[in-house]
Amino acid sequence: METRELTVVAGSFVGFQLLFSVASPRLSYALTPGYGRLPPTKLTEWNSRLVSTVHALIVGLFCLYILWFDDAVNANPVWGDPSLVKLNVAITCGYLLYDLVLLACNWSTMGDSFFVCHHLAALYAYGYVLTRGVLPYFANFRLISELSTPFVNQRWFFEVLKYPRSHRMVVSNGVAMAVVFFLVRIAVMPSYWASVFATFGTPDFERLGLGAQVAWITSCIALDILNTVWMYKIARGCYKVLTGRGGRKVKEGAEASSSSDRKYVNNHTD
């Protein structure tokens, strides 16, 4: 890993920590009166989700720029010049390290072994990109999924502020969440896998080695299965809200899904 990437990882870690502990509380107090009435555990999660949203927007928009304008990566998806992709991945690695520290410091209320395993696995996978510069196109393509995260976090913000589920902003955000999730995680699957299959049997693919090949393909399959399951749950919830069906079951389902939102928004290996 080059000095530039290490600097970006460290800078992102510090920056996200400052955003969590300094900027988010001040900004939230100024813009949202209900923020100050939240219990401490909710305040911690609020600040965490605001940081998550900022990270998702930075990384997601940077991904789109690379996809549209980085000719070197698009020309050779396996071994193309990874400079910009490594910069984006380094930002995400800094975020993952920050989130691991946050989980450790708030283990009694936020701790989850699933996230620790997920974050460590993601850091391991991104290590291939940062140290070997492999698969830049595919690493970048997967990070575009972060663009759905702000809508998930916004749903939680509305819920903790006790907005009625029938409120037009809640409904609009829910519909937008379903649409964006579909576009950045489901609709892109055929294009992504077409690009993957196109590399099979090529010298560039063989050069990766078995370890990188297995880690790449198996993680993609697992993530797409999860994305499909999540899409089904989101679409079902969106349909119930729009049609007013479900009554108490809708509320209970929403509460259950709210407890799993963090799993959804921290999916950084997409």
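Residues numbered from 1 in each chain as written. Predicted model: local features only at pLDDT ≥ 70, side-chain atom pairs only at ≥ 80, totals over all residues. Heavy atoms only, no water.

The protein chain is annotated in an unreviewed UniProt entry as TLC domain containing 4b of Seriola dumerili. Of the protein chain, the UniProt comment under Subcellular location (unreviewed entry) reads exactly: "Membrane". (UniProt positions renumbered as here; feature names shortened; annotations may be inferred.)

Enquirer: Lay out the pattern of salt bridges in plain terms, naming residues and giving numbers.
Expert: Counted by the stated rule, this structure contains four salt bridges. One salt bridge connects Glu 5 with Arg 4, and the closest N-O pair in it is separated by 3.0 Å. Note on Arg 4: relative accessible area 39%, which makes it partly exposed. Ionic pairing is found between Glu 45 and Arg 49, a salt bridge with its closest N-O pair at 3.1 Å. One end of the pair is Glu 45 and the other is Arg 49, both in helix α2 (residues 40–69) and four residues apart, which spans about a single turn. (Salt bridge = Lys/Arg side-chain N within 4 Å of Asp/Glu carboxyl O. Buried < 20%, exposed > 50% of the residue type's maximum accessible area, 1.4 Å probe, protein only. Helix = DSSP H or I, 4+ residues; strand = E, 2+ residues; numbered from the N terminus.)

Enquirer: Describe in detail the confidence of the model for the protein chain, supporting the description with residues and values.
Expert: Residue-level pLDDT values for the protein chain average 86, and 90% of them are 70 or greater. Predicted confidence is poor over residues 246–270, with pLDDT under 50, and the contacts of this stretch with residues over four places away or in other chains come to 69 contacts. (pLDDT = per-residue confidence, 0-100. Contact = heavy atoms within 4.5 Å.)

Enquirer: An account of the UniProt feature "domain: TLC" (unreviewed entry) in the protein chain is needed here, citing residue identities and associated values.
Expert: If you check UniProt for "domain: TLC" (unreviewed entry), the listed places come out as residues 41–243 in our numbering. Secondary structure within residues 41–243 divides into 84% helix and 0% strand; the distance between the first and last C-alpha atoms comes to 33 Å.

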